[in-house]
Structures are given as C-alpha cells and as structure tokens.
Amino acid sequence: MIPALYMKNSYKKGDILPMNQQELESVARTLVAAGKGILAADESYPTIKKRFDSINHDSTEENRRSYRELLFTTPGIEKFISGVILFDETIRQAAQDGRSFSEVLAQNGIIPGIKVDKGAKDLAGFSGEKITEGLDGLRDRLIEYRGLGARFTKWRAVITIGKGIPSRYCIHANAHALARYAALSQEEGLVPIVEPEVLMDGDHDIERCEEVTAATLKTVFSELFEHRVAFEAMLLKPNMVLSGKECSEQADVAKVAESTVRCVRRFVPAAVPGLVFLSGGQSSELATEHLNAMNALGKHPWELSFSYGRALQEHALKAWKGEAANISKAQNVLYHRAECNGAARFGKYSKEMEAAAT
Ligand code: 13P
C-alpha cells in the first residue's frame, strides 16, 4: 500500500513539501515491500533508440509513449512491481485515456520515480573513465518532478574496470556527486536511489569485480555520511559481483551470490532498508537466478530486491515487435518475468516457473 500522502497529486511546482524523514522512510520501505521490486523504464533517448533498433522500430515520441503505456498497464503487474523509474519525457506523457503516466501508476498502487542524472560523460584527464553530470539546477528540477508525481529519484554513476582503472579519483568524484544528489533529493521530499554501477564489461575475473565494488561502496557510503544523508530514507542500487563479460572463466550462480552478499555485508549499513540490484546486461533468466540465490542465503539485514531494466523488458520488447496486435502477448511476457523476480525475492524461484510459461 502506498501511504495516503503519496497518492495525492496535489503538489504544484514550487510547493514547499510537508515531507519529513518518517514519510520518506515509509516510501523507501514500500519500494522494497515483500515479493516486489522496481521496473526501470528510464531509458534515455539514445538507449531507447538502441532497444527499438533491435526490433526495427522507429524511436518516435509516439512509439516511445505507446511502448511505455504497454508496460505500465500490464494487468496485475502491481502484484510484483512496487515502483517504476521514468525518464524526463515519459513523466510528461499520458496514457490514451488522458491520465498522466504517474497517475496511471499511482492509481494502481505503483510509486512513480524519475531518473534525474544527465548521463555519464568522459572524466577529463582520466582516459576511459566517466563522471555523471546533472547537479547544476537539480534542486529546481526535483521540485518540478515532485509536482509531476514523482516520489523517488535515481542517479547512476558508472565505474569501469580495465587496465589501471578505476582510479581512486574517479570513484571519489562519482561518490561525491551521488552524495550531493541524494542529499538534495531528501531535502525535496524524494527518496534517492543511489546507483554506483561497476560495469561488467571487460575480461576481469570475479575477484577483481568484488575488489572494485568494495572500494566503490566504501567510498559512496563515506560520502553519503559526510553529506548527512539519512540511510533509512534511501535505497542502494548496486551491481552484482560478477565475472567480466569477456572473462574466460565465468563464476557460477552460487559463487556470484556468495561474493555479492559478502561484499554488500561488508560495506552497506544495515540502516539502509533495501538493495535493488541492476541487471547490467545479464540475461533475464540469470538476473533472476542470481537474485533468488542471494535471497536463499538469507536472512539479511536489508531487503534484497531488483530494479531491472533490460532483465524485465528484453523478452517483452521482442514479443511486442512494435505491433499493436502483440500488446497483450508482450504484457503476458512482462508479467511472467515480474512474477519470476517476485518469487526470487523469497528465494522461491525455480526453472520450472520458466517451463510453465512456455
Ligand atoms: P539494467 O537492469 O538494464 O542494467 O537497467 C537498470 C538501470 O536503471 C540502469 O541505470
């Protein structure tokens, strides 16, 4: 259940919001409610174009709108989806019946959120490394997004593993930006989802991924603490600890679960209500298996949940193919993936669930 306060869409741009920490904490906990997770549908213009290219569909404003409407109006999806991350264009769009997408979601018991960073750009002086932009003017944008119905935000930092990288400076600069973003979000009555993504690109082994993820999380929480961010009123969106995509020896599901849980136990305070993992380019089924295996290792101090983009949408996009006739087929496929991930929240996912759907 979304707390009553968040169902109200009466806030206007410029309102000073009556949001206290208790209310923020309740939104954070609602986002990681048992058996539920987040659908990341906040692809930027270049990213959604890439996804549409894969099904030979033009990335026009109307095509993006109708695809998002398909996702958000999937019958029964609210059983497994607690929140949806929207993109700037999407939060301003409406369903065919005229309701804004944030109304469609909120009226179905799903909390609307918004990606607020402006993308990862090259970090000057540090070849191969990125820094996320978007802090300038952020306070005003947050106020506007609240007025448009958002109740939480997301900011993604990117850390790349390669020869001699990441540098300490890159990790620190990104952690600093994440902390500034998170503090501003809480100030404006929005729950921040802090996403420091260590990419799976590269031929590094799983041990190297664990080492870099550990250094990243340690620095991120130190910066969040320095900036007086309330850990109880935020969520962390981490990568799983995985072998690099091009590594010749891929760690199995048990090892991924064990390494990821060990790493986050060491560096994520128990005060944080939940971790909502990104899928980061894993196959949909493997992302579900990994989440399931981690939850099966519980009990944990925080909820271990999902905030998947590709791992929730990939099969649905392929089933849709950009054709209106395929909408309900695509919605069934999305429902199925959400249901599997919902089961993985309890460590109760099994391969039979996939077979049953085919
Ligand atoms: P993926 O699950 O496709 O990695 O997307 C999650 C996300 O929101 C990345 O910022």
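Look a little higher up for the structure.
Reading the values: rules and limits
Residues numbered from 1 in each chain as written. Predicted model: local features only at pLDDT ≥ 70, side-chain atom pairs only at ≥ 80, totals over all residues. Heavy atoms only, no water. Helix = DSSP H or I, 4+ residues; strand = E, 2+ residues; numbered from the N terminus. Expected span 1.5 Å × (residues − 1). Buried < 20%, exposed > 50% of the residue type's maximum accessible area, 1.4 Å probe, protein only. Contact = heavy atoms within 4.5 Å. Pairing = 2+ DSSP bridges. 1 Å grid on protein atoms, 1.4 Å probe; cavity = no way out; pocket = protein on both sides within 12 Å on 5 of 7 lines; lining within 4 Å. Points joined across faces, edges and corners; volume = space filled by probe spheres on them. Nonpolar A, V, L, I, M, F, W, Y, C, P; charged D, E, K, R; others polar.

## With respect to helix α8 (residues 168-187)
- Here α8 contains 20 residues, and its C-alpha end-to-end distance of 29 Å stays within 8% of the 28 Å for a straight helix at 1.5 Å per residue.
- α8 sits mainly inside the fold: 14 of its 20 residues count as buried.
- Phi turns positive, to about 80 degrees, at G189, one or two residues after α8.

## A closer look at helix α10 (residues 253-267)
- With 15 residues, α10 extends 22 Å between its outermost C-alpha atoms, agreeing within 8% with the 21 Å of an ideal straight helix rising 1.5 Å per residue.
- Residues V256, A257, S259, T260, V261, C263 and V264 constitute the buried set of α10.
- Lining the buried residues of α10 we find α9 (206-226), β9 (274-277), α11 (284-296) and β10 (303-308).

## Brief notes about the pairing of strand β3 (residues 111-115)
- With respect to burial, β3 is a largely interior element, five of its five residues being buried.
- Burial of the side chains of β3 extends over both faces: I111, G113 and K115 are buried on one face and P112 and I114 on the other.
- The pairing of strand β2 (residues 81-86) with β3 spans four bridges and is classified as parallel. Residue L86 lies in a different strand from β3, and its bridge partner there is I114.
- Bridge count for β3 against strand β6 (residues 152-159) is three bridges, and the pairing is parallel. Bridge pairing links K115 to K154 in β6.

## Let's talk about the environment of F101
- On the secondary structure map, F101 appears in helix α6 (residues 101-107).
- Judged by relative accessible area, F101 falls into the buried class, the value being 0%.
- Sequence-distant contacts of F101, defined by excluding residues within four places in its chain, comprise R65, R68, E69, F72, T90, Q93, A94 and A95.

## Some thoughts on the layout of surface pockets
- Approximately 1,200 Å³ is the volume found for the largest pocket.
- Along the walls of the largest pocket sit 45 residues, with S44, T47, R51, K115 and R156 positioned nearest its centre.
- Counting only elements with at least two residues in the lining of the largest pocket, the list comes to α3 (45-53), β5 (130-132), α7 (138-147), β6, β7 (191-198), β10 and α12 (310-320).
- Along the lines of polarity and charge, the residues of the lining of the largest pocket split into 13 nonpolar, 12 polar and 20 charged.
- In this structure, the second largest pocket encloses a volume near 240 Å³.

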